[in-house]
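Listed here are the chains, written in short residue letters.
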Amino acid sequence: MTAFSYQLYSSREFPPLENTLKMIAEAGYAQAEGYGGVFQDAAATRAALDAAGLTMPSGHFSLALLEDEQDKVLDIAGTLGVKAIYCPHIQVDERPTNAARWTAFGERLERLAAIYKAKGFEFGWHNHDFEFVPLDDGQVPMQLIFDAAPSISWEADIAWVVRGGGDPFEWIKTHGGRITAVHVKDIAPAGECADEDGWADVGHGTMDWAGLMAALKDTPATYFVMEHDKPNDDARFARRSIEAAKAL
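All values derive from a computational prediction rather than experimental measurement.

Trainee: Break down the pairing of strand β6 (residues 153-157) for me, citing the residues and quoting the values.
Mentor: Of all five residues in β6, five are buried; the element is thus mostly enclosed. The two faces of β6 match: S153, E155 and D157 on one face and W154 and A156 on the other face are all buried. The sheet contact formed by strand β5 (residues 122-126) and β6 spans three bridges and is parallel. Paired with W125 across the bridge in β6 is W154. Since β5 and β6 lie parallel, the crossover through helix α6 (residues 141-148) that links them has a hand, and here it is right-handed. Relative to strand β7 (residues 179-184), β6 runs parallel, the two being bridged by four bridges. Within β7, the position partnered with W154 by the bridge is I179.

Trainee: I'd like a description of the side chain of T20, backed by residues and values.
Mentor: Along the chain, T20 falls in helix α1 (residues 17-27). A relative accessible area of 4% means that T20 is categorised as buried. Apart from the residues within four sequence positions on either side, T20 is in contact with Y6, L8, S11, F14 and D234.

Trainee: Mind laying out the packing of aromatic side chains, listing which residues take part and the relevant values?
Mentor: Counted according to the given criterion, the structure contains twelve aromatic pairs. Taking 5.8 Å as the distance between ring centres and 85 degrees as the angle between the ring planes, the aromatic pair formed by W102 and F105 counts as edge-to-face. Highlighted residues: W102 and F105, both in helix α5 (residues 99-118), separated by three residues, approximately one helical turn. An identical accessibility class is assigned to W102 and F105; each is buried. Arranged with centres 4.9 Å apart and planes meeting at 85 degrees, the rings of F132 and W171 form a pair that is edge-to-face. You can see F132 sitting in the loop between β5 and α6 and its partner W171 sitting in helix α8 (residues 168-175), a full 39 residues away along the chain. Of the two residues, F132 and W171, both sit in the buried class. Aromatic rings pair up to connect W102, F105, W125 and F130 into one cluster. Seen from the ring of W199, K185 lies directly overhead, with NZ or CZ sitting 4.5 Å from the centre.

Definitions and cut-offs
- Residues numbered from 1 in each chain as written.
- Predicted model: local features only at pLDDT ≥ 70, side-chain atom pairs only at ≥ 80, totals over all residues.
- Heavy atoms only, no water.
- Buried < 20%, exposed > 50% of the residue type's maximum accessible area, 1.4 Å probe, protein only.
- Helix = DSSP H or I, 4+ residues; strand = E, 2+ residues; numbered from the N terminus.
- Pairing = 2+ DSSP bridges.
- Right-handed = clockwise from strand over helix to strand, strands pointing away.
- Contact = heavy atoms within 4.5 Å.
- Phe/Tyr/Trp six-rings, centres within 6.5 Å; stacked < 30°, edge-to-face > 60°.
- Lys NZ or Arg CZ within 6 Å of the ring centre and 35° of its normal.

From the geometry alone we can't say anything about function, so treat these as descriptive.
Listed below in structure tokens is the structure:
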């Protein structure tokens, strides 16, 4: 396992970025994962990373940016030192509603993989929960994506797999060879942390992270990225999560 990373989206409500980077460096992180909000001024973000002694080997780039502004993606990635590019989401009104459309979506990702891999980048999809909810015909969108996109890697957000009704151990067993990055996050016990959308600090929720880390050892996962979608205290989340993860 490499050094732990931190998805900066977790601290989007706790500006400025310079303070966040200093905070996570002091907590023991060596890396940060970027997203759209920190790409507006890539040079300034790079300077802040350097000042904090952090690197940014992975980043989330929107589907629109990846398809329509490829030179901009390459410029941002080059400036920040990003090595692995992950497409992180698709808006509700753009999501396919049947198997054929999910297959077509997977084909779009496969075309993007060809473009960015040719430039020397890792390229993959980052999941949420909706990809694991079966369609009316019983097929699972995530499987349809993988079938249509044999070249993409997977940044596995394990907690979202669980929220979508999937068995993370089965998905790791079946598709672990694709996993190049992992989002390490936790789900609070039922009824707890309602103000944080039911998420918990890593090691303080219901996820079997000891078992999951053991299962992930047999995958090519390089980046282990702490994330909380809505912390009410990002410094607490950052500190407690890396302490728990290191104890694994």
